[in-house]
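What follows is each chain in one-letter form.
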Amino acid sequence: MKREHMYQPTDLTIVRNHRPVTGLFEVAQTIGFEAWTKRMPNRSKTEIENVFKPNSLKAIEKLQKNTSKKIGRFVSIVAFQGDQPIGYAWASDDVGNMSHFKQRTKRMAGKISGKKPYAWIAQINVLPDYQGNGIGSAVVDELLKPFDQDQKASSYVFDENQLTLQWFKKLGFNPRPAEPVDPNSDPNGPDLYFGDDAKHVLQWRLESPSVTNVRQNIAKRILPEYVVEEN
Ligand SMILES: CC(C)(COP(=O)(O)OP(=O)(O)OC[C@H]1O[C@@H](n2cnc3c(N)ncnc32)[C@H](O)[C@@H]1OP(=O)(O)O)[C@@H](O)C(=O)NCCC(=O)NCCS
């Protein structure tokens, strides 16, 4: 089927939020599950559920707790077709996985030296039926608007998800390092993402020279029409 015969966005609203609210993580479980199931057909339902578990209060709370621990800027987007959430993303200043005290120290040192954290796109997913219509690109554009435009941007993508790796490259992200790495660090240990018995995943780190650079690349693409609501 040709793309022009598929879904055409008509009633698209992009809602931006600046705090990690529960509704975002509910949407994340459902849309993430659908998008990853379709995109990673070699993964079992159990493996996908290790990352996204629709309607799981525990999964929602865990994500919210981990996200709330970070200091710095946080921005999220939920894209709606009418009343239905069809895509979401969130990004934050990347301070790494460290204690609150260390985060503060690192941030302070960065302020003094003028070194800014990466604007890290932590998650982005669009429901399968709505992909390929520019919604993901519009979501990234609106997601990165509130960050300092000279911040570098970063994200991660699994090697088995080549379509998304290519998509990030179109937006100006480059692999750093040049090869994918095992995010579990120990290939014989448990798999962090898909569960203990799962086949180990390789992951690319992607970096863009600046938020401006990503947004300039998006400006060259055909985007759907949408309205923005700020929360
Ligand atoms: C990656 C993702 C968020 C992009 O959102 P999107 O709305 O499809 O993005 P866009 O429409 O702006 O761009 C789609 C581009 O990616 C490719 N693409 C990705 N999925 C596609 C699909 N299902 N159909 C058609 N093109 C697709 C195309 O090359 C297209 O580029 P083109 O417009 O130059 O032809 C979305 O495809 C998705 O959720 N994928 C599955 C889950 C995933 O990989 N999430 C990211 C994990 S890190």
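Above this text is the structure in question.
The shown structure was predicted, so the numbers you read here are calculated from the model rather than taken from an experiment. (Residues numbered from 1 in each chain as written. Predicted model: local features only at pLDDT ≥ 70, side-chain atom pairs only at ≥ 80, totals over all residues.)

A. Quick peek at the overall build of the protein chain. Secondary structure summary: the protein chain contains seven helices and eight strands in total. In terms of C-alpha radius of gyration, the protein chain reaches 17 Å, essentially the compact-globule figure of 17 Å for 231 residues. Projected onto its principal axes, the C-alpha positions of the protein chain cover 50 × 40 × 35 Å. Within the protein chain, the fraction of its 231 residues that count as buried is 34%. If you take every contact in the protein chain between residues at least 6 apart in sequence, the share linking residues at least 24 apart comes to 76%. (Helix = DSSP H or I, 4+ residues; strand = E, 2+ residues; numbered from the N terminus. Rg over C-alpha atoms; globule rule 2.2 N^0.38 Å. Buried ≥ 20, exposed ≤ 12 C-beta atoms within 10 Å, placed from the backbone. Contact = placed C-beta atoms within 7 Å.)

B. Structural context of the site of the ligand. Of all residues adjacent to the ligand, which total 19 residues, the nearest are Gln131, Gly132, Gly136, Ser137 and Thr164. Of all elements in the fold, only helix H1 (22-39), strand S4 (119-126), helix H5 (135-144) and helix H6 (162-170) reach the threshold of two or more residues within the shell around the ligand. A breakdown of the residues in the shell around the ligand according to their chemical character gives eight nonpolar, nine polar and two charged. (Near = placed C-beta within 6 Å. Nonpolar A, V, L, I, M, F, W, Y, C, P; charged D, E, K, R; others polar.)

C. Representation of helix H3 (residues 57-68) in the model. With 12 residues, H3 extends 16 Å from end C-alpha to end C-alpha; this agrees with the ideal 16 Å at 1.5 Å per step. Among all positions in H3, only Ala59, Ile60 and Leu63 are buried. The buried residues of H3 occupy an angular sector of 100° when the element is viewed end-on, so they sit on one face. Exposed and oriented more than 90 degrees from the buried face of H3 are Leu57, Lys58, Glu61, Lys65 and Ser68. Contacts made by the buried residues of H3 are with H1. (Expected span 1.5 Å × (residues − 1). Arc of directions from axis to C-beta.)

D. Inspection of the packing of H1 against H3 at higher detail. Contact geometry of H1 with H3 gives a least axis separation of 9 Å together with a crossing angle of 125°. Viewed along their axes, H1 and H3 adopt a mutual orientation that is oblique. The two elements H1 and H3 cross, and the hand of that crossing is right-handed. For the pair H1 and H3, contact is made by Thr22, Phe25, Glu26, Ala28 and Gln29 and by Ala59, Ile60, Leu63 and Gln64, respectively. (Axes fitted to C-alpha atoms, helices over the stretch in contact; angles between N-to-C directions. Parallel < 35°, antiparallel > 145°, perpendicular 65-115°, else oblique. Left-handed = near helix turned anticlockwise from the far one by under 90°.)

E. Summary view of the environment of His100. Note that His100 resides in helix H4 (residues 100-113). In sequence terms His100 and Gly189 are 89 residues apart; their C-alpha atoms lie 28 Å from each other.

F. Region of interest: the sheet that holds strand S8 (residues 227-230). Across the sheet, eight strands lie side by side as S6-S7-S5-S4-S3-S2-S1-S8; this open sheet has mixed pairing. Of all the strands in the sheet, just strand S6 (174-175) and S8 have a single pairing partner and so form its edges. Summarising the sheet, strand S2 (residues 74-81) and strand S3 (residues 84-93) pair through eight bridges and their orientation is antiparallel. Within the sheet, the bridge partner assigned to Val75 lies in S3 and is Ala91. Helix-sheet contacts for H1 involve strand S1 (12-17), S2, S3 and S4, and the interaxial angle to S3 is about 110°. Here H6 sits on the sheet in contact with strand S5 (153-158) and strand S7 (203-208), set at roughly 160° to S5. (Pairing = 2+ DSSP bridges.)

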